[in-house]
Amino acid sequence: MKRAEVFWSAGEYMMKQGYYDIAAFNFEQAVQLRLNAILLEFTGDVLKTHSIRTLLDAIGGGLRQERGGQKVHKGTQE
């Protein structure tokens, strides 16, 4: 989680400096690291991907398994 926090802080700094593209990169890295930490906590796995959508899907699948296959959010399609 520490690395995610460092990327997030760097993103905030870059935003203040007007480097929006570098800020976006840092924010994305922070989110990816945080999602992988959540995935590790719930499933014991870490994915080697840069896709936030893939990480969210994996977390959702892990949560559904933990809850006996029930949908996590209303409107989620199986």
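Model, not experiment: these values are computed from the prediction.

**A closer look at the side chain of Asn36**
Next up, step 1: In this structure, Asn36 sits in helix H2 (residues 20-43).
Next up, step 2: By relative accessible area, which is 13% here, Asn36 ends up buried.
Next up, step 3: With residues up to four places along the chain from it excluded, the contact list for Asn36 reads Asp45, Val46, Leu47 and Leu55.

**Quick look at H2**
Next up, step 1: For H2, which comprises 24 residues, the first-to-last C-alpha distance of 34 Å matches the rise-based estimate of 34 Å (1.5 Å per residue) to within 8%.
Next up, step 2: Among the residues of H2, those classed as buried are Ala23, Asn26, Phe27, Gln29, Ala30, Gln32, Leu35, Asn36 and Leu39.

**Regarding the packing of helix H1 (residues 2-17) against H2**
Next up, step 1: Here H1 crosses H2 at 160°, and the two axes come no closer than 8 Å. It follows from the interaxial angle that H1 and H2 lie roughly antiparallel. The two elements H1 and H2 cross, and the hand of that crossing is left-handed. Across from Arg3, Ala4, Phe7, Trp8, Ala10, Gly11, Glu12, Met14 and Met15 in H1, the residues of H2 making contact are Tyr20, Ile22, Ala23, Phe25, Asn26, Phe27, Gln29, Ala30, Val31, Leu33 and Arg34.
Next up, step 2: Class assignment for the residues of the contact of H1 with H2 results in 14 nonpolar, 3 polar and 3 charged.

**Quick notes on the environment of Ile59**
Next up, step 1: One can find Ile59 in helix H3 (residues 52-66).
Next up, step 2: A C-alpha to C-alpha distance of 9.9 Å links Ile59 and Asp45, two positions 14 residues apart in sequence.
Next up, step 3: Ignoring any residue separated from it by four or fewer positions in sequence, one finds Ile59 in contact with Leu35, Ile38 and Leu39.

Thresholds applied
Residues numbered from 1 in each chain as written. Predicted model: local features only at pLDDT ≥ 70, side-chain atom pairs only at ≥ 80, totals over all residues. Heavy atoms only, no water. Helix = DSSP H or I, 4+ residues; strand = E, 2+ residues; numbered from the N terminus. Buried < 20%, exposed > 50% of the residue type's maximum accessible area, 1.4 Å probe, protein only. Contact = heavy atoms within 4.5 Å. Expected span 1.5 Å × (residues − 1). Axes fitted to C-alpha atoms, helices over the stretch in contact; angles between N-to-C directions. Parallel < 35°, antiparallel > 145°, perpendicular 65-115°, else oblique. Left-handed = near helix turned anticlockwise from the far one by under 90°. Nonpolar A, V, L, I, M, F, W, Y, C, P; charged D, E, K, R; others polar.

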